[in-house]
Amino acid sequence: MTDFSPGLAGIPAARSKVSYLDGSKGLLEYRGIPLDILAQKSHFIETAYLLLFGNLPSASQLEKFDHDIRMHRRIKYRIVDLIKCLPESGHPMDALQASVAALGMFYPAKDVLDPEIQYLSAVRLIAKLPTMIAAYARLRRGDDHVQPRDDLSFAENFLYMLTEKVPDKVMSDIFDTCLILHTEHTMNASTFSGLVTASTLSDPYTVVSSAIGTLMGPLHGGANEQVLTMLSEIGTVDKVRPYIEAKVRAKEKIMGLGHRVYKVKDPRAIILQELAKRLFEHLGTSPLYEIAVEVEKVGEEFLSDKKVYANVDFYSGILYQKMGIETDFFTPIFAMARVTGWLAHAFEQVKDNHIFRPREIYEGEHGRPYISISDR
Ligand code: COA
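Computed from a predicted model, the values in this text were never measured in an experiment. (Residues numbered from 1 in each chain as written. Predicted model: local features only at pLDDT ≥ 70, side-chain atom pairs only at ≥ 80, totals over all residues. Heavy atoms only, no water.)

Draft legend 1. Inspection of the site of the ligand at higher detail. Around the ligand sit 16 residues, and of these I254, G256, L257, R260 and K306 come closest. For the ligand, a nitrogen atom lies 2.7 Å from a polar atom in the backbone of I254. The contact in question runs from an oxygen atom of the ligand to an N or O atom on the side chain of N311, over 2.9 Å. When isolated, the ligand has an accessible area of 870 Å², and the protein chains bury 65% of it. Residues of the shell around the ligand, tallied by class, amount to 6 nonpolar, 4 polar and 6 charged. (Near = heavy atom within 4 Å. Polar contact = N/O pair within 3.5 Å; in protein donor to acceptor, adjacent residues only side chain to side chain. Areas by Shrake-Rupley, 256 points an atom, 1.4 Å probe, with all protein chains shown as cover. Nonpolar A, V, L, I, M, F, W, Y, C, P; charged D, E, K, R; others polar.)

Draft legend 2. Just helix α5 (residues 92-106), in detail. For α5, built from 15 residues, the straight-helix expectation of 21 Å at 1.5 Å per residue is met to within 8% by its first-to-last C-alpha distance of 21 Å. Among the residues of α5, P92, M93, A95, L96, S99, V100, A102, L103 and G104 are the ones counted as buried. Buried residues along α5 sit in contact with α4 (77-85), α6 (115-139), α10 (204-215) and α16 (330-351). (Helix = DSSP H or I, 4+ residues; strand = E, 2+ residues; numbered from the N terminus. Expected span 1.5 Å × (residues − 1). Buried < 20%, exposed > 50% of the residue type's maximum accessible area, 1.4 Å probe, protein only. Contact = heavy atoms within 4.5 Å.)

Draft legend 3. Representation of the nonpolar core within the structure. Membership of the largest hydrophobic core comes to 111 residues, with the highest contact counts inside it found for F65, F158, F175, V295, L319 and I325. In terms of residue count, the dominant contributor to this core is α6 (14 residues). Two domains each donate at least three residues to this core, and these are domain 1 (17-217 + 328-351) and domain 2 (223-322). Dropping the residues within four chain positions of it, F175 is found in contact with A155, F158, L159, Y320, M323, I325, I333 and M336. Ranked by size, the runner-up nonpolar core spans 5 residues in total, among them V112, V207, A346 and V350. (Core = buried A, V, L, I, M, F, W, Y, C linked by side-chain atoms within 4.5 Å. Domains from an automatic or database assignment.)

Draft legend 4. Expanded view of the pattern of salt bridges. Summed over the entire model, instances satisfying the criterion amount to 20 salt bridges. Salt-bridge contacts for E326 lead to R141; the nearest nitrogen and oxygen are separated by 3.5 Å. Of the two residues, E326 sits in the loop between α15 (313-322) and α16 while R141 sits in the loop between α6 and α7 (154-163), which places them 185 residues apart along the sequence. (Salt bridge = Lys/Arg side-chain N within 4 Å of Asp/Glu carboxyl O.)

Draft legend 5. Representation of unusual backbone geometry in the model. Positioned with a positive phi, L201 is a non-glycine residue whose angle comes to about 65 degrees. Of note, L201 is situated in the loop between α9 (189-198) and α10. In this structure, K251 takes a positive phi of about 55 degrees despite not being glycine. Take K251: it is sitting in the loop between α12 (240-249) and α13 (267-283).

Draft legend 6. Structural context of the sheet that holds strand β3 (residues 33-34). Ordered by their spatial adjacency, 3 strands build an open sheet running β1-β2-β3, and the pairing between neighbours is antiparallel. A strand with exactly one partner marks an edge of an open sheet, and here the two such strands are β1 (19-22) and β3. One ladder, built from 2 bridges, connects strand β2 (residues 27-30) with β3; its direction is antiparallel. Bridged to Y30 within β3 is I33. (Pairing = 2+ DSSP bridges.)

Draft legend 7. Seen up close, the packing of aromatic side chains. Within this structure, the stated rule accounts for 15 aromatic pairs. Summarising the aromatic geometry, the rings of Y136 and F329 are spaced 6.5 Å apart at their centres and angled 40 degrees between planes, so their arrangement reads as tilted. Within this pair, whereas Y136 is found in helix α6, its partner F329 is found in the loop between α15 and α16, the two being separated by 193 residues in sequence. Since its relative accessible area comes to 3%, Y136 is described here as buried. Looking at F329, the relative accessible area reads 2%, which means it is buried. An aromatic cluster is present here, built from Y49, F53, F65 and Y119 joined pairwise through their rings. (Phe/Tyr/Trp six-rings, centres within 6.5 Å; stacked < 30°, edge-to-face > 60°.)

Draft legend 8. Inspection of α13 at higher detail. For α13, spanning 17 residues, the distance from its first C-alpha to its last is 24 Å, which sits close to the expected 24 Å at 1.5 Å a residue. Regarding α13, the residues found buried are P267, R268, A269, I271, L272, Q273, L275, A276, L279 and F280. If you follow the buried residues of α13, they end up packed against β2, α1 (35-41), α8 (169-182), α14 (287-303), α15 and α16. Trailing α13 by a residue or two, G284 shows a phi angle of about 95 degrees, which is positive.

Here it is as structure tokens:
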């Protein structure tokens with residue numbers, strides 16, 4: 001039993017050059033470049049290229065990649081019809097998983113080692129996920145699906161498809177940086193699930209739909225929704241201290257604080273807080289922001305000895321809410337960015353593939369008699 005590690009905690013599942021994380025220093029690098037530098041200097045499409053292909057693109061490589069993604073934003077009317085048929089009471093992540101699985105049926109990609117197939121699948125998935133997410137947001141409330149616009153940037157186009165309004169530059173730049181922050185995060189549950197699927201040589205659409213299914217769970221992608229609920233429940237700044245005291249006394253978790261790997265403030269939370277401040281300067285503050293800052297401050301007083309600090313989910317929900325995005329779309333937006341990391345890992349996996357086949361420790365009985373139904 002000594003070799004059993006629940007959740008495979010601490011057991012390496014792959015060798016990878018995609019990203020690196022040092023939880024004690026709060027360092028996250030994509031392909032060796034620190035995240036804070038990418039957040040300042042890069043944009044989502046360039047960062048996606050870096051993750052997928054290992055290096056920052058030259059000007060002509062970036063121009064082609066960006067152009068290809070713009071040209072593949074449209075989705076087939078049959079996918080739109082499929083999304084129309086999904087119940088409006090369902091979760092957008094279910095809708096996204098179903099549409100990505102269906103998407104793969106239109107673009108057979110059986111030879112997963114073919115670089116051309118890998119490139120085109122990545123382009124299609126990065127380009128079409130936002131269109132499918134925005135289509136579900138609109139169709140579920142009875143509005144028409146908004147066609148993507150090739151002349152808009154990736155971030156502008158997504159916010160445009162949601163609202164039919166082209167966002168201003170401050171908002172679209174902030175949204176683009178949020179995507180960079182969610183693009184990749186080493187070996188986590190959804191990336192691992194994508195890797196397991198990739199290791200069977202399934203096509204990239206199936207890899208991504210597996211990973212979406214894993215991201216959907218409340219222990220992975222859903223905490224930012226719960227942070228918003230918590231902040232709304234607290235209601236005012238003066239109620240923060242008694243709320244935190246009661247939670248700590250009851251040994252209950254405070255949403256948006258703590259992380260499996262980071263033992264300092266999550267570097268993504270630091271950047272998201274700055275982005276939130278910029279957005280509020282531009283659009284007016286959010287009443288939840290003052291409460292969040294107080295939760296973080298009082299939370300630190302009580303929990304810093306356990307190395308529990310704000311994580312990526314702490315400020316992202318407040319920020320997306322201010323942009324007018326519905327709460328149940330926060331995780332699909334996470335998926336829209338993370339598709340790049342999932343694919344980068346999947347392509348690395350198939351290059352030197354071993355199908356995942358872990359062992360289990362059998363704890364059941366042996367040699368039991370079969371009792372006929374009349375005697376049971
Ligand atoms: N609020 C209050 N106490 C917390 C806490 C939180 N959010 N996160 C951890 N702690 C406490 C634990 O109760 C534990 O205390 P103990 O030693 O007295 O038992 C100690 O800090 C260590 O916590 P542990 O559960 O071992 O941390 P972990 O690394 O296993 O868990 C999380 C990390 C993310 C599961 C956990 O911090 C959590 O549930 N956070 C809230 C949900 C959330 O925001 N999730 C998104 C993560 S990106």
